[in-house]
Amino acid sequence: MKTFKKAAAIHDISCFGRCSLTVALPILSAAGVNCSVVPTAVLSTHTGGFDGFTYRDLTEDILPIAKHWQSLGLEFDALYSGFLGSTEQVEILEVFIKMFRRPETVVLVDPVMGDNGKLYKTFSQNFPGEMAKLCRMADLITPNMTEAALLINESYREGPYTREYIESTIKKLASLGGESRQIVLTGVYFSEKELGAAAYDGTVVRYAMAERVPQQYPGTGDVFASALLAALMNGADLSNGTESAVKFAADCIKLTFEAGTDPRFGVNFEAILAKKMSNMIQYGV
């Protein structure tokens, strides 16, 4: 009998706009992963282009949820964090990881805090330093190019990039918590025609690229990281998992771009989710 993996996803809920838990939960579930959730906040919409959104902070609920789970003896094969709304939530998540981490547990931290060279307006200038501390506890981190620069306290650099620059950045990220740290750096491109990710398994850097679409969509980082974790929990290694996640995200982006959908709505991952995730379950990639 197959034993299904269990993950705890710690993200916000944006009631409209595909991102965070409304992306992580369906993708992991479709991949056969039993996904439990810890919402860090509830927003009427995500913050990428919408004005007047509501925001309810759930900081005070995170540890009580964790303590109740602990009293039930719950265990998880993966702990997966995304948007954390404050330095206090970062500190709470450090406690959360200590409560539920086992030797075989995969801790994936997606250090959501910026894009296009800028720290999100909702965060203070000391937030990247606190996020770097959380990243030291992770087995795998998935920063974009902006977040990588913030984590290593360097100025953001526009692409196209060179392999030397990407691999130097990855080495600096690895030094935050030891050379064995796994890193998948997203938003990597060497020409205007392709966009993808660089995966570092502690030994070597491998690249996964896809055709670049001339439009940005909020939530694609969540789609990518969730698809990556789904692949890893179904037996893929980091290189194959990254290739699978890049292809999945690229297919979602291409479909959305061709449909001409309002970019603020996020990518139409639902249309191809069943096919892509069933392949992950069957082949582990």
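Scroll up to find the structure.
Below you will find a few notes about this structure. Owing to the predicted nature of the structure, the values given are computational and were not obtained by experimental measurement. (Residues numbered from 1 in each chain as written. Predicted model: local features only at pLDDT ≥ 70, side-chain atom pairs only at ≥ 80, totals over all residues. Heavy atoms only, no water.)

**So, the overall build of the chain**
Within the chain, the secondary structure is distributed over 9 helices and 11 strands. Relative to the compact-globule value of 19 Å for 285 residues, the chain shows a C-alpha radius of gyration of 17 Å, a close match. Here the chain holds 285 residues, and 51% of them are scored as buried. Of the contacts made within the chain by residues no fewer than 6 positions apart, 69% connect residues no fewer than 24 positions apart. For the chain, the exposed surface amounts to about 13000 Å²; the carbon and sulfur share of it is 51%. Of the charged side chains in the chain, 26 are positive and 32 negative, and the gap between their average positions amounts to 3 Å. (Helix = DSSP H or I, 4+ residues; strand = E, 2+ residues; numbered from the N terminus. Rg over C-alpha atoms; globule rule 2.2 N^0.38 Å. Buried < 20%, exposed > 50% of the residue type's maximum accessible area, 1.4 Å probe, protein only. Contact = heavy atoms within 4.5 Å. Areas by Shrake-Rupley, 256 points an atom, 1.4 Å probe, with all protein chains shown as cover. Lys, Arg positive; Asp, Glu negative; His and termini not counted. Charge placed at Lys NZ, Arg CZ, Asp CG, Glu CD.)

**Some remarks on the pairing of strand β5 (residues 106–109)**
Where strand β4 (residues 78–81) meets β5, 4 bridges bridge the pair, whose relative direction is parallel. Along β5, the bridge assignment pairs Y80 with L108. The parallel pair β4 and β5 is bridged by helix α3 (residues 87–100), and the resulting crossover is right-handed. Where β5 and strand β8 (residues 140–141) come together, 2 bridges link them in parallel fashion. Residue pairing across strands places L108 opposite L140, the latter belonging to β8. (Pairing = 2+ DSSP bridges. Right-handed = clockwise from strand over helix to strand, strands pointing away.)

**Some thoughts on the environment of A249**
One can find A249 in helix α8 (residues 238–259). We classify A249 as buried; its relative accessible area is 9%. Placed 19 residues apart in sequence, A249 and N268 show a C-alpha to C-alpha distance of 9.8 Å. Beyond its immediate sequence surroundings of up to four residues, A249 is in contact with V223 and F224.

**Structural notes on the nonpolar core**
Counting 49 residues, the largest nonpolar core has F96, M131 and I166 as its most contacted members. Judged by nonpolar contacts, the second largest core, of 41 residues, contains V213, V246, F248 and A249. (Core = buried A, V, L, I, M, F, W, Y, C linked by side-chain atoms within 4.5 Å.)

**As for the environment of A138**
By the element assignment, A138 lies in the loop between α4 (127–135) and β8. A C-alpha to C-alpha distance of 22 Å links A138 and A41, two positions 97 residues apart in sequence. Every residue in contact with A138, bar those within four places of it in the chain, is listed here: R101, V107, V109 and R181.

**Here's the deal with the environment of P160**
If you trace the backbone, P160 turns up in the loop between α5 (145–151) and α6 (163–174). Look at P160 and you get partly exposed, because its relative accessible area is 40%. In sequence terms P160 and L195 are 35 residues apart; their C-alpha atoms lie 9.6 Å from each other. In this view, P160 contacts Y189, F190, S191 and E192; residues no more than four positions away in its chain are not counted.

**Points about a negative patch on the surface**
Together, D57, E60, D61, E88 and E91 make up a negatively charged patch on the protein surface. Elements represented by at least two residues in the negative patch include exactly α2 (59–71) and α3. (Patch = residues over 30% accessible without salt bridge, like charges linked within 9 Å, V, L, I, M, F, W, Y side chains within 5 Å. Salt bridge = Lys/Arg side-chain N within 4 Å of Asp/Glu carboxyl O.)

**Some details on helix α1 (residues 21–30)**
Residues spaced three or four apart along an α-helix point in a common direction, a consequence of the helix completing one turn every 3.6 residues. All of the buried residues in α1 are L21, V23, A24, I27 and L28. For α1, the arc enclosing every buried residue in end-on projection is 160°, short of the 170-degree limit, so these residues lie on one face. Count one or two residues on from α1 and you reach G32, which has phi positive near 85°. (Arc of directions from axis to C-beta.)

**Digging into the packing of α2 against α3**
With their axes 10 Å apart at the nearest point, α2 and α3 run at an angle of 5° to one another. Judged by the angle between their axes, α2 and α3 are roughly parallel. Between α2, through T59, I62, L63, A66, K67, W69 and Q70, and α3, the contact on the second element is made entirely by E88, Q89, I92, V95, F96, M99 and F100. Counted by class, the contact of α2 with α3 contains 9 nonpolar, 3 polar and 2 charged residues. (Axes fitted to C-alpha atoms, helices over the stretch in contact; angles between N-to-C directions. Parallel < 35°, antiparallel > 145°, perpendicular 65-115°, else oblique. Nonpolar A, V, L, I, M, F, W, Y, C, P; charged D, E, K, R; others polar.)

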